[in-house]
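# Structural overview for review
Now for the letters of each chain:
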Amino acid sequence: MNRNAPLVFHSSGRTGFSNAVDGNPRRVGARKLAKEIQVRFASSDSPVHTAEGVVHAKPGDAIITGTSGEHWRVSSAHFPSKYEPVPPTRCGDPGTYRSKRYRILALPMEQPFEVILADGVSRLSGRPGDWLVDYGDGSLGIVSPAIFATTYEIVD
């Protein structure tokens, strides 16, 4: 085992929190804050360049621009449970959406790490200080400390 190699976490694609995060005594429970973001929907397979790596969007996936200009992808299967349109935007149309206040688990990381998304292709890279976030829907993500502080509230 290479001590310099980053830890690697795999999104399962299955509902429920992962043992890797839920079973860690350092993890915290947090809740997403209601924030307005801009959304467009992929019309074809396309890369989404995030601060943590390239994520592959499929047609219908939401490509989100956050309040700090950061980008991420949310699959079409998970988007409706995480975001709601802000009028006059209608559900499924590009425009302004608000994040719903759902619970996540988060683990502050002390060493480099990677997350392989459920598509098996997209790979994110995290640094010490970043948060490994478990969304409870089989997906994992990486959130920088600055974005975490303005996007989530720790509840337990």
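Attention in this report is confined to the structure presented alongside it. Keep in mind that this is a model prediction, so the values were computed, not measured.

### Details of the overall build of the protein
Looking only at helices and strands, the protein has three helices and 15 strands in total. In terms of overall dimensions, the protein is globule-like: its C-alpha atoms have a radius of gyration of 15 Å, near the 15 Å expected for 156 residues. Dimensions along the principal axes, computed over C-alpha positions, put the protein at roughly 50 × 35 × 30 Å. Taken across its 156 residues, the protein has 42% of its residues classed as buried. Taken as a whole, the protein presents about 8,400 Å² of accessible surface, with 52% of it coming from carbon and sulfur. Taking the average place of the 18 positive charges on the side chains of the protein and the average place of its 16 negative ones, the gap between the two points comes to 2 Å.

### Description of the pairing of strand β6 (residues 62–65)
Here strand β3 (residues 36–41) runs beside β6; their pairing, made up of four bridges, is antiparallel. Within the sheet, the bridge partner assigned to Val39 lies in β6 and is Ile64. Alignment of β6 against strand β7 (residues 71–74), held across four bridges, turns out to be antiparallel. Residue pairing for β7: Ala62 is matched across the bridge by Val74. Between the end of β6 and the start of β7, which pair antiparallel, lie five residues, with Gly69 showing a positive phi angle near 85°.

### Digging into the pattern of salt bridges
Applying the stated criterion across every chain yields a total of eleven salt bridges. With a shortest N-O distance of 3.2 Å, Glu36 and Arg98 are connected by a salt bridge. Note that Glu36 is positioned in strand β3 and Arg98 in strand β9 (residues 95–99), a separation of 62 residues in sequence. The exposure class of Arg98 is partly exposed, given its relative accessible area of 27%. Taken together, the shared-partner salt bridges in this structure form one network comprising Arg31, Arg101 and Glu153.

### Regarding the packing of aromatic side chains
Scanning the entire structure with this criterion turns up seven aromatic pairs. Between Phe79 and Tyr83, the aromatic rings sit 5.2 Å apart at their centres with planes inclined by 20°, giving stacked as the arrangement. Of the two residues, Phe79 and Tyr83, both sit in the buried class. Taking the centre distance of 5.1 Å and the plane angle of 70° together, the rings of Phe79 and Tyr97 count as edge-to-face. Placement of the pair is Phe79 in helix α2 (residues 79–82) and Tyr97 in strand β9, with a sequence separation of 18 residues.

### Things to note about the sheet that holds strand β11 (residues 113–116)
The mixed open sheet is built from three strands, whose spatial order is β1-β11-β12. What marks the edges here is a single partner per strand, and that holds for β1 (7–10) and β12 (123–126). Each strand of the sheet is rotated relative to its neighbour by a mean of 20°, with strand direction disregarded. Inspection of the sheet shows β1 paired to β11 by four bridges, in the parallel sense. In the strand pairing of β11, Val8 is matched with Glu114.

### As for the environment of Asn24
Tracing the backbone through its elements, the reader meets Asn24 in the loop between α1 (19–22) and β2 (28–32). Along the sequence, Asn24 and Leu107 sit 83 residues apart, while their C-alpha atoms lie 7.8 Å from each other. With near-sequence residues (within four places) excluded, Asn24 lies in contact with Asn19 and Leu107.

Cut-offs applied
- Residues numbered from 1 in each chain as written.
- Predicted model: local features only at pLDDT ≥ 70, side-chain atom pairs only at ≥ 80, totals over all residues.
- Heavy atoms only, no water.
- Helix = DSSP H or I, 4+ residues; strand = E, 2+ residues; numbered from the N terminus.
- Rg over C-alpha atoms; globule rule 2.2 N^0.38 Å.
- Buried < 20%, exposed > 50% of the residue type's maximum accessible area, 1.4 Å probe, protein only.
- Areas by Shrake-Rupley, 256 points an atom, 1.4 Å probe, with all protein chains shown as cover.
- Lys, Arg positive; Asp, Glu negative; His and termini not counted.
- Charge placed at Lys NZ, Arg CZ, Asp CG, Glu CD.
- Pairing = 2+ DSSP bridges.
- Salt bridge = Lys/Arg side-chain N within 4 Å of Asp/Glu carboxyl O.
- Phe/Tyr/Trp six-rings, centres within 6.5 Å; stacked < 30°, edge-to-face > 60°.
- Axes fitted to C-alpha atoms, helices over the stretch in contact; angles between N-to-C directions.
- Contact = heavy atoms within 4.5 Å.

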